[in-house]
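Spelled out, the chains give:
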Amino acid sequence: MLRLGYDERAAALLVFPVVAVLLVVAAFPILYSFWISLHDVVLTRPLRRPFVGLDNYLRVFADERFWIAVARTTVYTVVTVAATTVLAVLVALLLNEAFPGQRLLNALLLLPWATPSVVNGLMWKWIYDPSYGLLNGLLVQLGVLERYRAWLGDPDLTLLLIANAAVWKQMPLAALLLIVTMKAIPEDLYRAAKVDGAGTFRRFLHVTLPALRPGLMLVLVYETMISIRHFDLFLIMTQGGPGDASFTLSWFIYVETFRSLRFGTGAALSYILAMATFLLSYLFIRFLGRRL
Amino acid sequence: MSGAEDRRAPPPGRAAARRPVAPRLGRGLLLAAFSLLFVLYVAGPVAWLVSSSLQTEAQATAVPPNWLPPEPTLANFEAIFRAGERVVTYETRRQGDPATGGFLPTGAQNLLPSLRNSLVVGLWVAALNLLLSLTAAYAIAVIDFRGRRATLYTVLATRVIPDIALVVPLFLVIRALGLINSLAALVVTYLAVTVPFTIFILISYFEGIPRDLYRAARVDGCGHWGALRQVYLPLSLPALVAALTFAFLTSWNEFVFALVLTQNVEAQTLPIVISGFVMDFTTSFSFVNAAGVIAIVPPVLLAVLFQRYIVSGLTAGAVKG
Amino acid sequence: MATIVCEALTKRYGAVTALDALDLTIAHGEFMVLLGPSGCGKTTTLNLIAGLEEASEGRLLFDGRDVTWLPPHRREVAMVFQSYALYPNKTVFENIAFPLRLRRTPRAGIERAVRAAAEQLEIAHLLDRRPHQLSGGQRQRVALGRAIVRNPAAFLMDEPLSNLDAALRLSMRSLIKRLHHQLRATFVYVTHDQAEAMTLADRIAVMRGGLIQQLDTPEGIYERPANLFVAGFLGSPPINLIEGRIEDGAFRRAELRLPAPRAEPGREVVLGLRPEDVEAPAPHLVPLAGRVELVSPLGSDTYAEVSGPAGTSLTLRVPKGWRVREGEGIEVGVDPARLHLFDRATERRIA
């Protein structure tokens, strides 16, 4: 029966504004982006936009910079996600305990989360500064280091140092999610484990960790999805350098689009990154979801 | 590492007297050590940012570093608020920082206007975001209508699209509309970014409101608008506060879209102007750090003020999404 | 006040049919109870009458007016819920006044109506409180107050007493019955509690799987259950059911033999015997003997679980004044007229 009842008329009215906004600002651009990726769009030549099929994609795959970017992005994402997760588990274990001052620590946890990523980049860049940075100062004062060095200028360290800044900002949300999961573990499980003779470590291994699975799953997927497309820190801290040491995919997209003004290949790159993100989260849920 | 330790009932009778002290002491020390590490890691970097913003350029760039400001000075903040009074040229740059010979960045006078832009955009986004999300979340959470799932998935899908994939086409669309370098373009863009998340927070909150209250309101004489206004709105204040805060913070902190969609002082937001300072390597460090502190203050204030709402909102939204 | 007519009312959720072509006429001023286990369609029926859900098919009439597509706020029905559903942010006064405010009743009228309702329900001293400061019984009185202030076409009650403890449930039950007598309004009352249904109803509709199994007065449903489901659903402890077949004008199962003169021979049947339908043996009764396995004294009555003839296990009410012990034999008498017979295949009652 095709009849619009009161409910459906009301729902249509209530939902319309959001759907309209999302269609204009999200759905349309996504489709438009696909169209662009199939055309040779160069901003300096606005009238000629020939259809080139999959040429943009093929050109990207043939570009050695793309494979460098894939490698850099992989290293950066793996390090960031792994460090964030491990740190978040530790922090969650700490803040799940009841002790004086615990509420204050909880409030402090929101500090990195609320910090704008630009300030985060600026702050760590200042700490890593080759001439005046705190990291140099600290290590020299401790006698670990003999003289100041250019941390971000070391191609072996750049990605790790940027990842450190990212972890600092991302860890709180991950820890919050894990705390919520921990709070949901029934107290009786711990009592049962104690009665069965399990010590603190075994209780963590056999009660906490298994119950943490859904939370860890969520953290892994979420952190991967956002780390893989980090951009702000790279622009502020290294601009892809030194050399190509921090030349990641999102930095590649930015350079290709807004410096070289090759929008076609830029859009193709964006699509590849988006697809990779989707695929990764799918694989995570598919394979880790069962075993984790 | 459970919380069980603390809630354990005291053992009966004489057993209490023989309870060992050592493990409890050990636990206390362990907690204290971890707490200290936690505080150092989380608050240390920001403390250093604040500390160096209160130093003169010479003090901030001293070797070895001054961990605390030797003579705390507000000169850097003063320079920010007075930067608009003069045009910064090569000749006057040196005079910018009254405390030392540090350079003022060329864009110093853009800082205050960008602060205003950030505030304006943030407030608009927060308000519009709430209006849009509220009605949609109510419809999706409460009304059983054809297309409910489709609407839900549309919202879900837009939430998982990477920003970077949106930047290029959005830039072209907004350029075609002649809206490049306008606050309106930023507001609309940030709505697309924040609305899906807000909708998820509100849906999960609305679903926690007993269904019978809705039924009671409807038979008592409320239409859908009435039920939303009379029942759901007054009962969702925590979620609404969380949603407003998130929307404001997201728009205050956002960088990529602002970078691409704005060009000058008319529409540039605080992160853009600050990023300009950072990449200008002749810049005075203490001045830039002071600018960073200013950018950090509003979000941190909001976070502290609404901590409870934010935590529940964040986790609810994330779990649902 | 209204006569409510459901015509082939159907509600489907996807492939699931929650309510299957329900035909039901509720007379003006009648107290109708919809009784059944969870998922039987009774709450769906109530929601459809209230307009809280839209029917997939069929029509709904209030006093002859088609209201099938009328949203709830235009139907003028009042509802009381199991969870009370008081607005937590409003005071008791504002909770009761809410429906009147939505109807733009003048201020003085609201004041008068709320006071009157509160007096009637003995909650006048609670008007300034908020719901969380009230006990369960007080909350339900407030919910009733919210319903009676506005002279609705019908009162719809969705298990209103299920969240209350046993003692309170009894007193609220009589309160609701009194309200019905005073208001002379149409009540539709949903419950899974047979005692509530029996005490409150003018008529009971026993439901299962979206279908009405039997529609009758409480006595009719108890004395003449239309099928095995109704027989088993009403009665506590439940009716004893024994499978067997009809031979030579009697119910037979191995050595067990009970007279059933009107049933046709050869039929596979189920015999129903209510625990309370046994007495001390007497000449006009059929004797039934067995061994007591378990004795459950309830104070007013004592029930015994008895392993009877032909491998049956029966629950029987021990006749007044008897003392029985576990492990001992027992012999009671059964009035053949009080036995129920059902067809084993169709599960229907055999007249």
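Keep in mind it's a predicted model, so treat the numbers as computed, not measured. (Residues numbered from 1 in each chain as written. Chains lettered and ligands numbered in written order. Predicted model: local features only at pLDDT ≥ 70, side-chain atom pairs only at ≥ 80, totals over all residues. Heavy atoms only, no water.)

**Q** Describe in detail the overall build of chain B, supporting the description with residues and values.
**A** Within chain B, the secondary structure is distributed over 16 helices and 0 strands. In chain B, which comprises 321 residues, the proportion classed as buried is 56%. Restricting to contacts in chain B with at least 6 residues of sequence separation, those with at least 24 account for 72%. When the accessible surface of chain B is summed, it comes to about 13500 Å², and 67% of that surface belongs to carbon and sulfur atoms. (Helix = DSSP H or I, 4+ residues; strand = E, 2+ residues; numbered from the N terminus. Buried < 20%, exposed > 50% of the residue type's maximum accessible area, 1.4 Å probe, protein only. Contact = heavy atoms within 4.5 Å. Areas by Shrake-Rupley, 256 points an atom, 1.4 Å probe, with all protein chains shown as cover.)

**Q** Give a detailed account of the domain arrangement of chain B, specifying residues and quantitative values.
**A** Residue and element names in this part refer to chain B. Domain annotation for chain B reports domain 1 (16-53) and domain 2 (110-320). One C-alpha centre belongs to domain 1, the other to domain 2; they are set 35 Å apart. With 5 residues of domain 1 in contact, the opposing surface of domain 2 contributes 6 residues. There are 0 salt bridges connecting domain 1 and domain 2. (Domains from an automatic or database assignment. Salt bridge = Lys/Arg side-chain N within 4 Å of Asp/Glu carboxyl O.)

**Q** So, the UniProt feature "domain: ABC transmembrane type-1" (unreviewed entry) in chain A: which residues are in play, and what are the values?
**A** In the numbering used here, UniProt assigns the "domain: ABC transmembrane type-1" (unreviewed entry) feature to residues 70-284 of chain A. The distance from the first to the last C-alpha atom of residues 70-284 of chain A is 19 Å, and the span holds 74% helix and 0% strand. (UniProt positions renumbered as here; feature names shortened; annotations may be inferred.)

**Q** Account for the interface of chain B and chain A, with residues named and values stated.
**A** At the junction of the two partners, chain B supplies 96 residues and chain A supplies 96 residues. Regarding the contact of chain B and chain A, the summed buried area is about 8600 Å², with carbon and sulfur atoms giving 77% of it. Counting the contacts that link chain B with chain A gives 3 salt bridges. Arg218 of chain B is the partner of Asp7 of chain A in a salt bridge, and the nearest nitrogen-oxygen pair spans 3.9 Å. If you look at where chain B meets chain A, you find 10 residue pairs in polar contact (both at pLDDT 80 or more). With 14 residues, helix H2 (residues 22-53) of chain B is the single largest residue contributor to the side of chain B that touches chain A. Residue classes in the side of chain B that touches chain A are distributed as 68 nonpolar, 18 polar and 10 charged. (Buried area = accessible area lost by both parts, 1.4 Å probe. Polar contact = N/O pair within 3.5 Å; in protein donor to acceptor, adjacent residues only side chain to side chain. Nonpolar A, V, L, I, M, F, W, Y, C, P; charged D, E, K, R; others polar.)

**Q** Explain the environment of Leu144 of chain C to me, and be specific about the residues and the numbers.
**A** Residue and element names in this part refer to chain C. Mapped onto the secondary structure, Leu144 falls in helix H4 (residues 136-148). For Leu144, a relative accessible area of 2% puts it in the buried group. In contact with Leu144, other than residues within four places in its own chain, are Val80, Leu121, Met157, Met172, Leu175, Ile176 and Leu179.

**Q** Can you break down the UniProt feature "transmembrane region" (unreviewed entry) in chain B residue by residue, with the values?
**A** Mapped onto this numbering, the UniProt entry annotates "transmembrane region" (unreviewed entry) at residues 28-50, 121-143, 155-177, 183-206, 231-252 and 285-306 of chain B. Annotated as 95% helix and 0% strand, the span residues 285-306 of chain B places its first and last C-alpha atoms 32 Å apart.

**Q** Go over the pattern of salt bridges, please, and point to the residues and values.
**A** Per the stated rule, a full pass over the model turns up 35 salt bridges over all chains. A salt bridge links Arg215 of chain B to Asp212 of chain B, with the nearest nitrogen and oxygen atoms 2.8 Å apart. One end of the pair, Arg215 of chain B, and the other, Asp212 of chain B, are both in helix H10 (residues 211-220), 3 residues apart, so they sit about a helical turn from each other. Here Arg215 of chain B and Asp212 of chain B have matching classes, each one buried. Salt-bridge contacts for Glu264 of chain C lead to Arg267 of chain C; the nearest nitrogen and oxygen are separated by 3.3 Å. Given the relative accessible area of 47%, Glu264 of chain C is considered partly exposed. Linked by salt bridges that have partners in common, Asp220 of chain B together with Glu76, Arg103, Arg146 and Arg150 of chain C make up one network.

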